[in-house]
Amino acid sequence: QVQLVESGGGLVQAGGSLRLSCVASGSTFKFRGMGWYRQAPGKQRELVGGITSSDIPIAYAESVEGRFTISRDNAKNTVFLQMNGLEPEDTAVYYCNELPPLLGWGRGTLVTVSS
């Protein structure tokens, strides 16, 4: 069973940047399209963006287009989310999962953006 461990969250002021990481266990990571998802307080989990197994970013949410960038390192079973120009509306717990999300969810990493 693939396990996902997210890290890199924290408290940042509006306009700041963070880089999130997600490490997946197992040997099938390189064959999987991966996505970053987030869940804000009181809201449903939503897709932030994804990246194909061939390292092509896809499907960015309109709210993050141009500010967030997804990348991956298959040798390290890791997918990244570079977040620039953070806004208070980006405050959420961020998760990674397969695209679509067929794996069990990790604990996520909390991102808090202060105004």
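Scroll up a little and you will see the structure.
These numbers were taken from a predicted model, which means no experiment stands behind them. (Residues numbered from 1 in each chain as written. Predicted model: local features only at pLDDT ≥ 70, side-chain atom pairs only at ≥ 80, totals over all residues. Heavy atoms only, no water.)

Novice: Break down the state of the cysteines for me, with residues and values.
Specialist: One pass over the structure, following the stated rule, counts one disulfide. Each disulfide pairs two cysteine sulfurs, and for Cys-22 the partner residue is Cys-96, the sulfurs being separated by 1.7 Å. Of this pair, Cys-22 sits in strand 3 (residues 18-24) while Cys-96 sits in strand 9 (residues 92-98), placing them 74 residues apart in sequence. A residue is classified by how much of its surface remains accessible, and Cys-22, at 0% relative accessible area, is buried. (Disulfide = S-S within 2.5 Å. Helix = DSSP H or I, 4+ residues; strand = E, 2+ residues; numbered from the N terminus. Buried < 20%, exposed > 50% of the residue type's maximum accessible area, 1.4 Å probe, protein only.)

Novice: Provide a residue-level description of the packing of aromatic side chains, including the pertinent values.
Specialist: Considering all chains together, one arrives at two aromatic pairs under this definition. Between Tyr-95 and Trp-105, the aromatic rings sit 5.7 Å apart at their centres with planes inclined by 75°, giving edge-to-face as the arrangement. Taken together, the residues Tyr-95 in strand 9 and Trp-105 in the loop between strand 9 and strand 10 (109-114) connect sequence positions ten residues apart. By relative accessible area, Tyr-95 is classed as buried at 11%. We classify Trp-105 as partly exposed; its relative accessible area is 35%. Three or more aromatic residues joined by ring pairs form one cluster here, namely Tyr-37, Tyr-95 and Trp-105. Above the plane of the ring of Phe-29 lies Arg-72, whose end atom (NZ or CZ) is 4.5 Å from the centre. (Phe/Tyr/Trp six-rings, centres within 6.5 Å; stacked < 30°, edge-to-face > 60°. Lys NZ or Arg CZ within 6 Å of the ring centre and 35° of its normal.)

Novice: Tell me about the pattern of salt bridges, and name the residues and values.
Specialist: In total, this model carries five salt bridges according to the counting rule given. With a closest N to O distance of 2.7 Å, Arg-38 and Glu-46 form a salt bridge. A relative accessible area of 6% means that Arg-38 is categorised as buried. For Glu-46, a relative accessible area of 35% gives the class partly exposed. A salt bridge links Glu-87 to Arg-67; its shortest N-O distance comes to 3.9 Å. Taken together, the positions of Glu-87 in the loop between strand 8 (78-83) and strand 9 and Arg-67 in the loop between strand 6 (57-58) and strand 7 (68-73) put the pair 20 residues apart, joining distant regions of the chain. In this structure Arg-67 comes out as buried when scored by relative accessible area, which is 14%. Where salt bridges share partners, they join Arg-38, Glu-46, Arg-67, Glu-87 and Asp-90 into one cluster. (Salt bridge = Lys/Arg side-chain N within 4 Å of Asp/Glu carboxyl O.)

Novice: Go over the pairing of strand 4 (residues 34-39), please, and point to the residues and values.
Specialist: Within strand 4, five of the six residues are buried, leaving the element largely enclosed by the surrounding structure. Where strand 4 folds back on strand 5 (residues 46-51), the antiparallel hairpin that results is connected by six residues, among which Gly-42 adopts a positive phi of roughly 75°. Bridge analysis of strand 4 against strand 9 gives six bridges, and the strand direction is antiparallel. Bridged to Met-34 within strand 9 is Glu-98. (Pairing = 2+ DSSP bridges.)

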